[in-house]
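Spelled out from the first residue to the last, the chains are:
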Amino acid sequence: LAALCRRRLSAATAAMAPRGGGNRGGNRQGQGLPAPQQSQSLNSLKRVDPEITEILASATHATLYNFATSEWERADVEGPMFVAARRRAPHVRLVVLNRLSMTNLVEDVDANFELEVVDRYLIFHKANDETKIRGLWFHSLEEHAAMGALLEKLIAQAAAPP
């Protein structure tokens, strides 16, 4: 699966990347956000999921792609991305607050969440649904690396026996 995604990704990378220049800033851990921005973002996330209690990390911009049969297709989801802690299981969620429509990306980060960090992309799917392969493209390399490392750590923690 990973090899197939990598082959398809490398062929489609140039066509997938959104146009525009400049780095939109480095990774911002949730606690590193200025207090007003932290509060505003947390309130926005709570409207999506009232069980969210804390922002663990954020990225200024991510764009969602879906792997359809033999190629990547850009989805109508892009905007700020958050990894958030929740009161109840699943205890961690990945959320992209969509700037293009009212449909946000909400994914549970648990033991079934499988992730691969490739170039500027985080490629993921649920272990129990390998037909739905998705990728998040990041404008910022720093945010991409930090989000990938955090998600890998959280997945390992979720998979570890209690």
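Just above sits the structure.
Residues numbered from 1 in each chain as written. Predicted model: local features only at pLDDT ≥ 70, side-chain atom pairs only at ≥ 80, totals over all residues. Heavy atoms only, no water.

Draft legend 1. Region of the structure containing the packing of aromatic side chains. One pass over the full model with this rule turns up three aromatic pairs. The interplanar angle of 15° and the centroid separation of 5.2 Å between the aromatic rings of F113 and F124 together place this pair among those described as stacked. Of the two residues, F113 sits in strand 6 (residues 113-118) while F124 sits in strand 7 (residues 121-126), which places them 11 residues apart along the sequence. Side by side, F113 and F124 carry an identical accessibility label, which is buried. (Phe/Tyr/Trp six-rings, centres within 6.5 Å; stacked < 30°, edge-to-face > 60°. Helix = DSSP H or I, 4+ residues; strand = E, 2+ residues; numbered from the N terminus. Buried < 20%, exposed > 50% of the residue type's maximum accessible area, 1.4 Å probe, protein only.)

Draft legend 2. View of the nonpolar core. Counting 24 residues, the largest nonpolar core has M81, L94 and L136 as its most contacted members. Mapped by element, the contributors of at least two residues to this core are strand 2 (52-68), strand 3 (71-86), strand 4 (92-96), strand 6, strand 7, strand 8 (129-138) and helix 3 (141-159). Per element, the largest residue contribution to this core is five residues, and it comes from helix 3. Apart from the residues lying within four places of it in its own chain, the contact partners of L94 are M81, F82, L105, V106, E107, V109, F113, L136 and L151. Judged by nonpolar contacts, the second largest core, of eight residues, contains L45, I52, F82 and L97. (Core = buried A, V, L, I, M, F, W, Y, C linked by side-chain atoms within 4.5 Å. Contact = heavy atoms within 4.5 Å.)

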